[in-house]
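Observations on chain architecture
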Amino acid sequence: MTPVSVSAAESAAETSVAPLLVFGWGNLSRGDDALGPLFVERLRALCEQRDLTAQIDFLDDYQLQIEHALDLAGRQRVLFVDASLNCAAPFEVTALQPQQDASFTTHAMSPQALMQVFHDLHGQTPPPCTLLAIRGEQFELGEPPGADALAHLAAALSWAEGWLAASEKTQAEPG
Amino acid sequence: MTFALETAAHPEGLRRVAIDPVSRVEGHGKVTLLLDADNRIEQVRLHIVEFRGFEKFIEGRPYWEVPVMVQRLCGICPVSHHLAAAKAFDRVLLGDAPITASAEIVRRLMHYGQMLQSHALHFFHLSSPDLLFGFDSDVARRNIVGVAQAHPEIAKKGILLRKFGQEIIRITSGKRVHGTGAVPAGINKLVTPEERDALKRELPQMLAWAQDSVDIAKQLHAQNPALYNQFGTFRSNMLSLVRADGAMDFYDGVLRARDADGKILFDGVSDQSYLTLIEEEVRSWSYMKFPHLRSLGREQGWYRVGPLARVQNCDFIPTPRAEIERQAFMAWGQGGLVHATLAYHWARMIELLHSVEVIAELLDNPALVSGDMMTTGVRQRSGVGIIEAPRGTLIHDYDVADDDLVTRCNLIVSTTHNNQAMNEAVRAVARDYLDGRELTEGLLNHIEVAIRAYDPCLSCATHALGQMPLDVALVGPDGALIDRVLRSPQGELLHDLNAPVGLPA
């Protein structure tokens, strides 16, 4: 069997990443499922206005998947963002811990499972991760996000400004 | 006439077992079993709710939007839809004229990167837990974390192979997701020399791991030939694209089909003529259509697509390492076609190896980094684009009006082609493993293993079945509920006659 070693490209990636990662997922064409990527798009625009983008990487995808564990490497804090049918309106914020769950065996993973994979692969505790779940109601293909969902998104973006400020403060503190 | 075990002669009074997982993106699949009082299998059906509103989602849009929009049909293989749509609109804009050499090279690189990342995900992360630990092993261990803990090198290879494929997609399509690289009549970006060189540096490692992957799959067959040859095995026709000279080709080619003995049924048929070959049948109990070859009819004309079909439908694989592996695979069939459901995994890893070899060739092609990106031709009213997606043959078919709006759209996705085959696989497993026995989680997982071998778009849902809610109802001949067993997502069994009917969404 050919041994596995971390590639040069992977090592480089781990040493050059921004300290903060905002990762949203969902499908822009499935109604309120667009909330995750829309959040990323709008927060990125906000950060560009304030010249904060050097400190933050913004990523989005259709769903969380196993290789996204590599995107956690080298981060100080991670914010996961997804639309949710189960959370209270307008949004819920949860500090996450690594956890093995049923999502390991599917094409889509939970952020807790992703953190567990990071731990098992790197032998390290993953960076502090927070889940921002934004309340959605309908997820039909070809439908735009609903008015309620967009209001929830606006509220979540207001909360994110506080998260950013707290992150800046954390980075500014010595040691 | 129906297929064996498709419809019970007297369904009244039989016990119904529903395996009913749900999925957010890829559709909804469930298996129902009807058992008599002695647990004998009377009826087995795999029902699939496909993507909703495919055609309505696309019709009325300008054609140039469609290759980007169709990526949102499926979060699992968006690149396949992107390229199939682009190929169809090539036909609309160019007629028979080819796209430029650079456009074809860049698109091919994107597509083989997609094949690599998709096959790596399926084998290493969705199927290896079953294959390494056993189909009825401890469900708490039968997942990728179990693999990461017991075989960390295997888990990491899977991740890094997939990451390499996705980096190729990012470079060729412009973005990690929602790429725009392929456009009707060409592409909108070349690969830079720096991007090419970065990918080339990774190639030796990826090639070695791809070879390892084939070896793992081959060893699994060699170690337990009785299981791997017989599990969910049935004979079928095979359909795929092949290159005009009979070589394996995932991006373009002509349609070829073989019968179950390996005899060519048709060959060299233009992809534009697919409707002369394939007919889709609707059955009342499933939302997914059942395609079959018109020439053979519904009962004899159904077929398989995907890795098992492609590896055996072609005359050769045009890269050296994968061709050696194809020959070993064919030798396993001892002169006939290999029909084993689990052989999909072995064939899939041969394709993974081939993909890496093709990527190496494409990265050495100067047209990748220089040359014309777009071309022109004679406008047509319609076009068909067919590619071999990771799960099998993917067909996009469009009509475009003079105002550039799409007026008709027909898509046949890979999982649809394999609908009858997956039902046959489930019935074979039910006959061999479940018939007359008490149902356990491990036994039900055997059914999922058979479905998962096809890597259908619903496999994300079905794979989690061991930990998904399960609702088993025992109904008496008079329709009265005699017993009800529910399994929670945590695996706890609860007998509750008063539980609400239906599973949580």
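**Concerning the overall build of chain B**
- Assigned secondary structure in chain B consists of 17 helices and 17 strands.
- Burial status across chain B gives 63% buried among its 505 residues.
- A sequence separation of at least 24 residues applies to 67% of the contacts in chain B between residues at least 6 apart.

**Structural notes on the overall build of chain A**
- A count of helices and strands for chain A gives four helices and five strands.
- In chain A, the order of α-helices and β-strands from amino to carboxyl end is α-β-α-β-β-β-α-β-α.
- Counting over 175 residues, chain A shows a buried share of 54%.
- Here the analysis covers contacts within chain A between residues at least 6 apart in sequence; of these, 76% occur between residues at least 24 apart.
- Of the roughly 7,200 Å² of accessible surface on chain A, a fraction of 51% belongs to carbon and sulfur atoms.

**Concerning the sheet that holds strand 14 (residues 406–412) of chain B**
Residues and elements named next belong to chain B.
- With antiparallel pairing, three strands are arranged side by side in an open sheet as 12-13-14. The open sheet is flanked by strand 12 (382–389) and strand 14, the only strands paired with a single partner. Each strand axis lies, on average, 15° off the axis of its neighbour in the sheet, ignoring direction.
- Pairing of strand 13 (residues 392–400) with strand 14 involves six bridges; the strand directions are antiparallel. Residue pairing in the sheet places Asp399 in a bridge with Arg408 of strand 14.
- Contacts from helix 3 (residues 78–94) reach strand 12, strand 13 and strand 14, with the element oriented near 150° to strand 12.

**Regarding the confidence of the model for chain A**
- In the predicted model, chain A carries a mean pLDDT of 85, and 84% of its residues have values of at least 70.
- Across residues 5–14 of chain A the pLDDT falls below 50, and counting only partners more than four positions away or on other chains, this stretch makes 14 contacts in the model.

**Examining the packing of aromatic side chains**
- In the structure shown here, the tally under the stated rule is 15 aromatic pairs over all chains.
- Relative to Phe80(A), the ring of Trp25(A) has its centre 6.0 Å away and its plane inclined at 70°; by these criteria the two rings are edge-to-face. Placement of the pair is Trp25(A) in strand 1 (residues 20–25) and Phe80(A) in strand 3 (residues 77–84), with a sequence separation of 55 residues. Phe80(A) shares its class with Trp25(A); the two are buried.
- Aromatic side chains Tyr63(B) and Phe89(B) sit 5.9 Å apart centroid to centroid with 35° between the ring planes, which places their arrangement in the tilted category. Linking Tyr63(B) in the loop between helix 1 (54–58) and helix 2 (66–69) with Phe89(B) in helix 3, this pair joins segments that are 26 residues apart in sequence. The residues Tyr63(B) and Phe89(B) share a single accessibility class, namely buried.
- Among the aromatic residues, those joined into a cluster by ring pairs are Tyr63(B), Trp64(B), Phe89(B) and Tyr398(B).

**Brief notes about the pattern of salt bridges**
- Under the defined criterion, the tally for this structure stands at 35 salt bridges over all chains.
- Here Lys163(B) makes a salt bridge to Asp71(A), at a shortest N to O gap of 3.6 Å. Of the two residues, Lys163(B) is situated in helix 6 (residues 152–173) and Asp71(A) in the loop between strand 2 (56–61) and strand 3; the pairing between them involves two chains.
- On the basis of relative accessibility, which here comes to 25%, the residue Lys163(B) falls in the partly exposed class.
- With a shortest N-O distance of 2.9 Å, Arg108(B) and Glu104(B) are connected by a salt bridge. Taken together, the positions of Arg108(B) and Glu104(B), both in helix 4 (residues 101–133) and four residues apart, correspond to about one turn of that helix.
- Taken together, the salt bridges that share partners define one network made up of Arg256(B), Arg258(B), Asp267(B) and Asp315(B).

**What about unusual backbone geometry?**
- Residue Pro90(A) is reached from Ala89(A) by a cis peptide bond, and omega for that bond is 0°.
- Its place among the elements puts Pro90(A) in the loop between strand 3 and strand 4 (91–95).
- With a phi angle near 50°, Gln334(B) is a residue other than glycine that sits in the positive phi range.
- Counting through the fold element by element, Gln334(B) comes out in the loop between helix 12 (320–332) and helix 13 (343–363).
- According to the relative accessible area criterion, Gln334(B) is exposed, its value standing at 74%.

**Some points on the sheet that holds strand 7 (residues 254–258) of chain B**
Residue and element names in this part refer to chain B.
- Pairing within the open sheet is mixed, and its four strands lie in the order 8-7-6-11. Of all the strands in the sheet, the pair left with one neighbour each is strand 8 (264–269) and strand 11 (303–304).
- Sheet analysis places strand 7 next to strand 8, joined by three bridges and oriented antiparallel. Counterpart to Ala257 in the pairing with strand 8 is Phe266.

**A closer look at the environment of Glu55(B)**
Residue and element names in this part refer to chain B.
- If you trace the backbone, Glu55 turns up in helix 1.
- Its relative accessible area of 26% is what places Glu55 among the partly exposed residues.
- Separated by 148 residues in sequence, Glu55 and Leu203 have C-alpha atoms that sit 40 Å apart.
- Filtering out sequence-adjacent residues up to four positions away, Glu55 remains in contact with Cys409, Asn410 and Leu411.

**Thoughts on the pairing of strand 10 (residues 290–293) of chain B**
Residues and elements named next belong to chain B.
- Side chains Phe290 and His292 of strand 10 all project onto a buried face; the interleaved residues Pro291 and Leu293 project onto the opposite face, where all are buried too.
- In this sheet, strand 10 lies alongside strand 9 (residues 278–281) in antiparallel orientation, the contact comprising four bridges. In the strand pairing of strand 10, Glu280 is matched with Pro291.

**With respect to helix 16 (residues 441–452) of chain B**
Residues and elements named next belong to chain B.
- Here helix 16 is twelve residues long and its end C-alpha atoms lie 16 Å apart, about the 16 Å a rise of 1.5 Å per residue gives.
- When you tally the buried positions in helix 16, you get eleven out of twelve residues, the bulk of the element.
- Restricting attention to buried positions, one finds in helix 16 the residues Gly442, Leu443, Leu444, Asn445, His446, Ile447, Glu448, Val449, Ala450, Ile451 and Arg452.

**Concerning helix 13 of chain B**
- Between its first and last C-alpha, helix 13 of chain B extends 30 Å over 21 residues, near the 30 Å set by a 1.5 Å rise per residue.
- Where burial is concerned, most of helix 13 of chain B is hidden: 19 out of the 21 residues are buried.

**Some words on the nonpolar core**
- If you look at the biggest cluster of nonpolar residues, it comprises 149 residues, and the most contacted ones within it are Phe80(A), Ile58(B), Phe89(B), Phe329(B), Ile359(B), Tyr398(B) and Val406(B).
- The leading source of residues in this core is helix 4 of chain B, at 14 residues.
- Once residues lying within four places of it in the same chain are set aside, the contact partners of Val406(B) are Ile58(B), Glu59(B), Gly60(B), Arg61(B), Tyr63(B), Val66(B), Phe89(B), Tyr398(B), Asp399(B) and Val400(B).
- The next biggest cluster of nonpolar side chains, apart from the first, holds 25 residues, and it includes Leu20(A), Ile56(A), Leu79(A) and Phe139(A).

Calculation rules
Residues numbered from 1 in each chain as written. Chains lettered and ligands numbered in written order. Predicted model: local features only at pLDDT ≥ 70, side-chain atom pairs only at ≥ 80, totals over all residues. Heavy atoms only, no water. Helix = DSSP H or I, 4+ residues; strand = E, 2+ residues; numbered from the N terminus. Buried < 20%, exposed > 50% of the residue type's maximum accessible area, 1.4 Å probe, protein only. Contact = heavy atoms within 4.5 Å. Areas by Shrake-Rupley, 256 points an atom, 1.4 Å probe, with all protein chains shown as cover. Pairing = 2+ DSSP bridges. Axes fitted to C-alpha atoms, helices over the stretch in contact; angles between N-to-C directions. pLDDT = per-residue confidence, 0-100. Phe/Tyr/Trp six-rings, centres within 6.5 Å; stacked < 30°, edge-to-face > 60°. Salt bridge = Lys/Arg side-chain N within 4 Å of Asp/Glu carboxyl O. Expected span 1.5 Å × (residues − 1). Core = buried A, V, L, I, M, F, W, Y, C linked by side-chain atoms within 4.5 Å.

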